Amino acid sequence: SLTVQRYLTNRWRVRHSLGGGEAEHRARTLYLGGVAGDQVTRTQYDSNDRFANVTGTLDVIGEVYTGGIRHQLMVGADWSGTRARNGGFQMRSLTNRISLGAPVYGHADVTPASDEWSPFATDTRRLGVNVQDQVTLLDGALHLLAGVRYNSYVADKHWYDTSARPESELSVEERAFSPRFGLVYQPAEWLSTYASYAESYLVNGFDWLEPTKTVPATTGTQYEVGTKANLLGGRLGLTVAAYQLTK
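Here's what I pulled together on the structure shown here.

Reading guide: rules and limits
Residues numbered from 1 in each chain as written. Predicted model: local features only at pLDDT ≥ 70, side-chain atom pairs only at ≥ 80, totals over all residues. Heavy atoms only, no water. Helix = DSSP H or I, 4+ residues; strand = E, 2+ residues; numbered from the N terminus. Rg over C-alpha atoms; globule rule 2.2 N^0.38 Å. Buried < 20%, exposed > 50% of the residue type's maximum accessible area, 1.4 Å probe, protein only. Contact = heavy atoms within 4.5 Å. Areas by Shrake-Rupley, 256 points an atom, 1.4 Å probe, with all protein chains shown as cover. Salt bridge = Lys/Arg side-chain N within 4 Å of Asp/Glu carboxyl O. Patch = residues over 30% accessible without salt bridge, like charges linked within 9 Å, V, L, I, M, F, W, Y side chains within 5 Å. Polar contact = N/O pair within 3.5 Å; in protein donor to acceptor, adjacent residues only side chain to side chain. Core = buried A, V, L, I, M, F, W, Y, C linked by side-chain atoms within 4.5 Å. Phe/Tyr/Trp six-rings, centres within 6.5 Å; stacked < 30°, edge-to-face > 60°. Lys NZ or Arg CZ within 6 Å of the ring centre and 35° of its normal. Pairing = 2+ DSSP bridges.

Next up on the list: the overall build of the protein chain. Scanning the protein chain from terminus to terminus reveals zero helices and eleven strands. Start at the N end of the protein chain and walk to the C end: the helices and strands fall as β-β-β-β-β-β-β-β-β-β-β. For the protein chain, the C-alpha radius of gyration of 27 Å lies well beyond 18 Å, the compact-globule estimate for 247 residues. When burial is assessed residue by residue, the protein chain has 24% of its 247 residues classed as buried. Contacts in the protein chain between residues at least 24 apart in sequence constitute 59% of all its contacts with a sequence separation of at least 6. A total of about 16,300 Å² of accessible surface is found on the protein chain, and carbon and sulfur atoms cover 56% of it.

Listed below in structure tokens is the structure:
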């Protein structure tokens, strides 16, 4: 990955990052199936997974003053694209068991792993846009924050074997806005109180157990209030908080 930051002025800067990677994972695993007396049954599980992804971010950060009020502004975007392909899936119960008391290793009737891959890969594209403003009031004792995030998610299939492509196929498209608000009041250097509200949004995409179906997105709402204190010259920190998280 690569991150570049450039100062446009003493109050404004631009930050950009770009990354990517590829990975291939082949799982060959034996799992405990069950126990009958001192005999253990086992299950063979095989799978192949191949991933490639690219990610990027772009943030513009700065500050402006309106009528003596300081605004710390941030406008940013992040995006990612992923292609995932799997295959060679196999799950079967082994016919021979192994003894707990006198195990003999190396005789499991494991079948050869498959090098087959699925005729398609799943492509996902994510885009997020953030806008945030933090206002400072009362000579720095009060900070107010307001922001909103736009989320876009698209998932579909890339077919390597077009002859296997069905006449109609499932795709996922999700878009949503997630706001957040917060305030911090610091009546003294050693004491501060805060409150915040935020909404979250997480796309789940396709159902791995039933690929013809999609899993609804997970949404959440969080409220939090609290107080923080630094005592004994900063040697003791105390925090009291209450929150409610709903998903």
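Now that the structure has been shown, the text picks up again.
What follows covers the pattern of salt bridges. If you walk through the whole model with that rule in mind, you get ten salt bridges. Linking glutamate 24 and arginine 26 is a salt bridge whose minimum nitrogen-to-oxygen distance equals 2.9 Å. According to the relative accessible area criterion, glutamate 24 is partly exposed, its value standing at 44%. Residue classification places arginine 26 among the partly exposed residues on the basis of a relative accessible area of 37%. Salt bridges sharing common partners tie together Glu24, Arg26, Arg50 and Asp115.

Our next topic: a nonpolar patch on the surface. On the surface, Leu58, Val60, Val75, Trp79, Leu127, Val129, Val131, Val148 and Phe177 cluster together into a nonpolar patch covering about 710 Å² of accessible area. Among the elements of the structure, strand 3 (39-66), strand 4 (69-93) and strand 6 (120-137) are those that each provide at least two residues to the nonpolar patch. Counting residues per element, the nonpolar patch draws most heavily on strand 6, which supplies three residues. When you line up the elements, valine 60 lands in strand 3.

As a further point, take the side chain of histidine 71. Along the chain, the position of histidine 71 falls in strand 4. Looking at histidine 71, the relative accessible area reads 14%, which means it is buried. Polar contacts involving the side chain of histidine 71 include one to the side chain of aspartate 133, which spans 3.0 Å. In this view, histidine 71 contacts Gly62, Glu63, Val64, Thr66, Asp133, Gln134 and Val135; residues no more than four positions away in its chain are not counted.

A separate point is the nonpolar core. The biggest cluster of nonpolar side chains holds six residues, and these are Tyr153, Ala155, Val172, Ala176, Tyr201 and Val203. At the level of elements, strand 7 (142-159) and strand 8 (172-188) are the ones that each hand at least two residues to this core. Discounting chain neighbours no more than four positions away, the residues touching alanine 176 are Arg149, Tyr150, Asn151 and Tyr201.

Attention now moves to the packing of aromatic side chains. The final tally for this structure, using the stated rule, is six aromatic pairs. Here the aromatic rings of phenylalanine 120 and tryptophan 159 are separated by 4.9 Å at their centres, their planes lie at 50°, and the arrangement is tilted. Taken as a pair, phenylalanine 120 in strand 6 and tryptophan 159 in strand 7 lie far apart in primary sequence, 39 residues in all. Through a chain of ring-to-ring contacts, three or more aromatic side chains come together here, namely Tyr31, Tyr45 and Phe89. In this structure, arginine 85 packs its charged tip against the face of tyrosine 160, placed 4.0 Å from the ring centre.

Even without being glycine, leucine 138 reaches a positive phi, approximately 55°. Mapped onto the elements of the fold, leucine 138 is located in the loop between strand 6 and strand 7. What makes leucine 138 exposed here is its relative accessible area of 55%. Positive phi outside glycine occurs at leucine 232, with the angle close to 55°. Turning to its location among the elements, leucine 232 is positioned in the loop between strand 10 (218-231) and strand 11 (236-246). Here leucine 232 falls in the exposed class, since its relative accessible area comes to 55%.

Another aspect to go through is the environment of asparagine 230. One can find asparagine 230 in strand 10. Placed 38 residues apart in sequence, asparagine 230 and serine 192 show a C-alpha to C-alpha distance of 9.2 Å. Excluding anything up to four places from it in sequence, asparagine 230 contacts Trp190, Leu236 and Gly237.

Strand direction decides the pairing type here: strand 9 (residues 191-202) and strand 10, joined by twelve bridges, are antiparallel. Residue pairing across strands places serine 196 opposite glutamate 224, the latter belonging to strand 10. Counting the residues in the hairpin turn of strand 10 and strand 11 gives four residues, including leucine 232, whose phi is positive at 55°.

What is shown is where atoms sit, not what they do.
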